[in-house]
Amino acid sequence: MNEGEVFHEKQRLELCAIHALNNVLQERVFTKETADDICKRLAPQCVVNPHRSMLGTGNYDVNVIMAALQSRELAAVWWDKRRTVQSLCLCNVQGFILNVPSRVSLGIVSLPLRRRHWLAVRRVNGQYYNLDSKLKNPVCIGAEAELRAFLTEQLSQDVAEMLLVVRQEVEEDGSWLNPDNSQN
């Protein structure tokens, strides 16, 4: 499979959480409307919803991502950065959603500001891809060794966080972690 056959939504407004969800699922499942509905369910009594931008342009938080995945019988497992990525049992992880610092740009001008950005990583036909919606095309990371190096580099940023996207039963039994590394 070449990069043109890998599903990849590109950045629009502040919808990186939706793009990360769809990219990790490899199909267009979620829209701004479905994410807004999730926000309303999460905070039905709030005039100003704490799970998205006040401007209505997106900027959804982790609670929306977790609820969206649950609606697909998947779970988001927060990765404890004190662990080494070598302890991941990759065969039980469907994908990764990372929250990383990102430069703010206005057209071609990059501002000296940094915001948080959601991006997805997923294995497609034996290769892992960086499916960041800010990229023009998916970028092939490579096999497991290259993925572990990529994740280690991303997580080395102080404020970077990672969610493992797994089936609900994998979350429940903890099989996303190699048994010999479960205490690390």
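Above this text you will find the structure in question.
These numbers come from a predicted model, not from an experiment.

Across its full length, the protein chain holds five helices and six strands. Secondary structure elements of the protein chain, listed N to C terminal, follow the sequence α-α-α-β-β-β-β-β-α-β-α. For the protein chain, the proportion of its 184 residues judged to be buried stands at 48%. By sequence separation, contacts in the protein chain at least 24 residues apart represent 62% of the contacts at least 6 residues apart. Total accessible area on the protein chain is roughly 10,000 Å²; 51% of this is exposed by carbon and sulfur atoms.

Right, let's get into the packing of aromatic side chains. For the coordinates displayed, the defined rule picks out one aromatic pair. When the ring of Trp79 is compared with that of Trp176, the centres are 6.1 Å apart and the planes differ by 75°; the resulting orientation is edge-to-face. Placement of the pair is Trp79 in the loop between β1 (74-78) and β2 (95-106) and Trp176 in the segment after α5 (168-173), with a sequence separation of 97 residues. The exposure class of Trp176 is buried, given its relative accessible area of 12%.

The next point concerns the nonpolar core. Counting 28 residues, the largest nonpolar core has Leu21, Tyr60, Ile65, Leu69, Ile97 and Trp118 as its most contacted members. When contributions to this core are tallied by element, the ones reaching two or more residues are α1 (16-25), α2 (32-42), α3 (62-70), β1, β3 (109-124) and β6 (161-167). The leading source of residues in this core is α1, at seven residues. Ranked by size, the runner-up nonpolar core spans 25 residues in total, among them Trp79, Leu88, Val121 and Ala160.

So, on to unusual backbone geometry. The backbone of Gln26 sits at a positive phi, close to 60°, despite the residue not being glycine. Secondary-structure assignment places Gln26 in the loop between α1 and α2. Backbone geometry places Asn125, a non-glycine residue, at a positive phi of 50°. As for its position among the elements, Asn125 is in the loop between β3 and β4 (127-130).

This brings us to helix α4 (residues 144-155). In a regular helix each residue adds 1.5 Å, so twelve residues correspond to 16 Å; α4 covers 16 Å between its end C-alpha atoms and thus fits that length. Leu147, Arg148, Phe150, Leu151, Gln154 and Leu155 are the residues of α4 that are buried. Down the axis of α4, the smallest arc covering the buried residues is 160°, so these residues share one side. Exposed residues on α4 whose side chains face more than 90 degrees from its buried face are Ala145 and Glu153.

Moving on to the pattern of salt bridges. Summed over all chains, the structure comprises four salt bridges. A salt bridge links Glu9 to Arg28; its shortest N-O distance comes to 3.4 Å. A residue pair is termed long-range when its members are at least 10 positions apart, and Glu9 in the segment before α1 and Arg28 in the loop between α1 and α2 qualify at 19 residues. Given a relative accessible area of 10%, Glu9 falls into the buried group. Of the residues examined, Arg28 reaches a relative accessible area of 55% and is grouped as exposed. Across the salt bridge formed by Arg72 and Glu27, the nearest N and O atoms sit 3.2 Å from each other. Taken together, the positions of Arg72 in the loop between α3 and β1 and Glu27 in the loop between α1 and α2 put the pair 45 residues apart, joining distant regions of the chain. Overall, Arg72 belongs to the partly exposed group, its relative accessible area being 38%.

Calculation criteria
- Residues numbered from 1 in each chain as written.
- Predicted model: local features only at pLDDT ≥ 70, side-chain atom pairs only at ≥ 80, totals over all residues.
- Heavy atoms only, no water.
- Helix = DSSP H or I, 4+ residues; strand = E, 2+ residues; numbered from the N terminus.
- Buried < 20%, exposed > 50% of the residue type's maximum accessible area, 1.4 Å probe, protein only.
- Contact = heavy atoms within 4.5 Å.
- Areas by Shrake-Rupley, 256 points an atom, 1.4 Å probe, with all protein chains shown as cover.
- Phe/Tyr/Trp six-rings, centres within 6.5 Å; stacked < 30°, edge-to-face > 60°.
- Core = buried A, V, L, I, M, F, W, Y, C linked by side-chain atoms within 4.5 Å.
- Expected span 1.5 Å × (residues − 1).
- Arc of directions from axis to C-beta.
- Salt bridge = Lys/Arg side-chain N within 4 Å of Asp/Glu carboxyl O.

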